[in-house]
Amino acid sequence: MTPITVLISDDEPLAVSRLVELLNRMEGVSVVGQAFDGKETLELVEKLGPKLILLDIEMPGLDGFDVIEHLSSSLRDKASTAPLVIFVTAYPQFAIRAFETGALDFIPKPVRYARLVDAIDRARIACADREAGQRLALLGKTLDQLRKERSRAVDENHYLWVPRQGEMVRVDYDDINWVKAEGEYVHLYTDGKSYLYRRMIGDFVDRNGAMGFLRVHRSAAVNITRIVAIKRSSNGGRMLRLINGDEIPVGRKYAKNVMAIISSEIE
């Protein structure tokens, strides 16, 4: 079981006490500090280096979003020390924005023990995956390496000939953002266009994996060099955002494939 060190940040002493009480019931969880405003939170993160922050949004001075902004800036070059963040707040309207900041989870107040246990379990998995700030930094390195590998491929492997409206159209692999299964066919999605290509998605990925296509869902594969962000979805899964703005869900079965493009750079 992955041990978790937790910093609680909330301006309401009763809310802090409640979280301490709940966390103390869990095995492998240690509350290393308590902060009652944003400034103190930043100080304790630097001093204590917690793996996880349970962070309120509405606080005097620096609010929860301000804290995230400051941490992102100060820890940009220290990805391995970046804490995971779970927002704990009485304002559910902030949920979407909270996830957009890269938060691991969003727990509404009053906090229920079962819901908190679920969130802590996610934090354990995230720590095991070496998540947090490492993701963005290492993804960039991974993409650079993939581009170099693809540049060594022979020219004829850089494109497909696809039938479209009575003619054969050349589609460069570099232009394909992602691929969607359609029975015995796949849809190839480029910027502003799509092409129907006769190939089952499993076969397509097997044949073109060397060109950077990764299966991320039973019905989807992505061009890895087109990924710009990996984030948590509202249901607790993962979502890939591509360079053209498309967002592709990651199937639970394929989550390890996605994380492998990051963890391979660490090992």
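**Brief notes about the pairing of strand E9 (residues 185–190)**
Where a strand is regular, its side chains alternate between the two sheet faces. Judged by which residues are buried, E9 turns out to be one-sided: Val 186, Leu 188 and Thr 190 face inward and are buried, whereas Tyr 185, His 187 and Tyr 189, on the alternate face, are not. Sheet analysis places strand E8 (residues 178–182) next to E9, joined by 5 bridges and oriented antiparallel. Bridge pairing links Val 179 to Leu 188 in E9. The hairpin formed by E8 and E9 contains 2 residues between the paired strands, and Gly 183 there has a positive phi angle of roughly 65°. Across 5 bridges, the pairing between E9 and strand E10 (residues 193–197) is antiparallel. Its bridge partner lying in E10, His 187 is registered against Leu 196. The antiparallel hairpin formed by E9 and E10 contains 2 residues in its connecting segment, where Gly 192 sits at a positive phi of about 85°.

**Describing the sheet that holds strand E2 (residues 29–35)**
Strand order in this open sheet of 5 strands is E2-E1-E3-E4-E5, and the pairing throughout is parallel. Where the open sheet ends on each side, the last strands, each with one partner, are E2 and strand E5 (105–108). Averaged over all adjacent pairs, the angle separating strand axes in this sheet is 25°, with direction ignored. Of the strand pairs in this sheet, strand E4 (residues 84–89) and E5 are connected by 4 bridges, and their pairing is parallel.

Parameters at a glance
Residues numbered from 1 in each chain as written. Predicted model: local features only at pLDDT ≥ 70, side-chain atom pairs only at ≥ 80, totals over all residues. Heavy atoms only, no water. Buried < 20%, exposed > 50% of the residue type's maximum accessible area, 1.4 Å probe, protein only. Helix = DSSP H or I, 4+ residues; strand = E, 2+ residues; numbered from the N terminus. Pairing = 2+ DSSP bridges. Axes fitted to C-alpha atoms, helices over the stretch in contact; angles between N-to-C directions.

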